[in-house]
Amino acid sequence: MSNYLYFFKSFKNDKSIYKKVIILSIAIILLIIVFSFTKSMNMYIENGIKQDLSYKTLYIDPDFNTNSISLINKIKKIKHVSDAFIDNYSDITVYSNDFIKNGSIQLVRYSENDSINYISFNGVNLENQIICPKNFYPKNNIDNINKKDIIKMNKYLNKNIDIYYYTYNNDESKNVNYDTLKIVGIYDNNTNIIDENICYAHKNLIEKIYNKSYENYNQDNITPSIFIRVDNIKNIDFVKEKLNDLGYESSSLVLINSKFINFVNVTSFLIGIFIILFLIIIINFINKKNISDKSKIINLYRCFGYTKNDITKILYIENSYISLISICISIIFTFLIFIILKITIYYNPFLFSKFPIIYNYFAIIISLIIIFVINIYNIKFVRKNILGDLWKLFW
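Residues numbered from 1 in each chain as written. Predicted model: local features only at pLDDT ≥ 70, side-chain atom pairs only at ≥ 80, totals over all residues. Heavy atoms only, no water.

**Student:** Help me understand the confidence of the model for the protein, please; the structure alone is not making it clear to me.
**Tutor:** Note that predicted coordinates carrying low pLDDT should not be read in detail. Confidence along the protein averages 78 in pLDDT terms, with 77% of residues attaining 70 or more. Throughout residues 390–395 the model reports pLDDT below 50, and contacts reaching past four residues in sequence, or to other chains, amount to 12 contacts. (pLDDT = per-residue confidence, 0-100. Contact = heavy atoms within 4.5 Å.)

**Student:** Looking at this model, I keep getting lost on the state of the cysteines. Mind explaining?
**Tutor:** Counting across every chain of the model gives 1 disulfide. Each sulfur in the disulfide pair Cys132 and Cys199 lies 2.3 Å from the other. A torsion of 115 degrees about the S-S bond marks the disulfide between Cys132 and Cys199 as right-handed. Of this pair, Cys132 sits in strand β5 (residues 129–133) while Cys199 sits in strand β10 (residues 198–202), placing them 67 residues apart in sequence. For the pair Cys132 and Cys199, one class covers both residues: buried. (Disulfide = S-S within 2.5 Å. Helix = DSSP H or I, 4+ residues; strand = E, 2+ residues; numbered from the N terminus. Buried < 20%, exposed > 50% of the residue type's maximum accessible area, 1.4 Å probe, protein only.)

**Student:** Where do I start with unusual backbone geometry in this structure?
**Tutor:** Working note: non-glycine residues mostly have negative phi, and peptide bonds are mostly trans. Notably, His80 is not glycine yet its phi reads approximately 80 degrees, a positive angle. As for its placement among the helices and strands, His80 is situated in the loop between α3 (68–76) and β2 (81–86). Here the phi dihedral of Asn158 falls at roughly 65 degrees; this positive angle occurs in a residue that is not glycine.

**Student:** Looking at this structure, I do not really get the packing of aromatic side chains. What am I missing?
**Tutor:** What describes a pair of aromatic rings is the distance from one ring centre to the other and the angle between the planes of the rings. Within the structure shown, the criterion is met by 14 aromatic pairs. Within the aromatic cluster, the residues linked to one another by ring pairs are Tyr89, Tyr95, Tyr164, Tyr166, Tyr168, Tyr178, Tyr210 and Tyr214. When the ring centre of Tyr166 is taken as origin, the NZ or CZ atom of Lys174, which lies over that ring, is 4.2 Å away. (Phe/Tyr/Trp six-rings, centres within 6.5 Å; stacked < 30°, edge-to-face > 60°. Lys NZ or Arg CZ within 6 Å of the ring centre and 35° of its normal.)

Here you go:
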């Protein structure tokens, strides 16, 4: 046992081990980052882009003489259309002093046929009922979120809030209207990647508030666009063709750059494959270099009575020691990076403020498998190429 400790201590004092740990750690860190980015991008596409009502909305611009109500009824009969309405009925802003003074709430229209991941609209069909985010920010300007102003909405669940909004007149004056809404649902805006000031309201409530707001405002010369919501983003092209059959050219309310998304996904995949190959080469090189550097001292110890099994076990332990230390360093380092990113991005939004930061543990599992397989392979390499010939001692 003392011989084992002495032998392992001599390896432990080898300064080259630190270089090997650093190189291997960098490779594993890159693998974790690439795999995590790919998983985060897929989550952003699935829960953000594909579920966002804006991305599932088309619009058309009918002629001035078109009967909007008749046209909307025709459009609603198209397969995969969940809702159709004039653009003014899409969303509206109301205000409440229940959270902060003059706090604003953006009410976004939903219908019974709309579908968003993790949000249930079942039974929420009364005009005074709304669904709000778990973390609510009662201000219009969400480009500079202050953490202390975030409202935890769980305490408002199933409670009434007082709101007010304005009726606008042609002379630019306005009157105040008051109403009461009940918060009947809470959704996780991080999971759904939705802005912190959006609450969902039934279409009847949106239309009632809008009609009241502009009942004294002359809109005779205004021809509104018609918004068409599709049940699933993959059915956008189908609905576009049906609208074209009706004689209307439609456009997406928010364009999806599918080429860019595919490019990012393919690039991330190829980089991930490259890093895996790089990791395999690095681990294999480190193990073989470690064995090659110690070939003479290994054979010297064989002269002192160490068996093949003794030496292969010690080499395996050392290589495993280097690998595990590298993995631990990589995990700690990447965890710190992800924590900093979450804190920084979430409360200081920019273009991709809703981009989810997801840690992909699969990269760690891949690293462990690669390390285990290569270490087993190198045991055979040691037995075959080094431990069999004592004449290497004299080279």
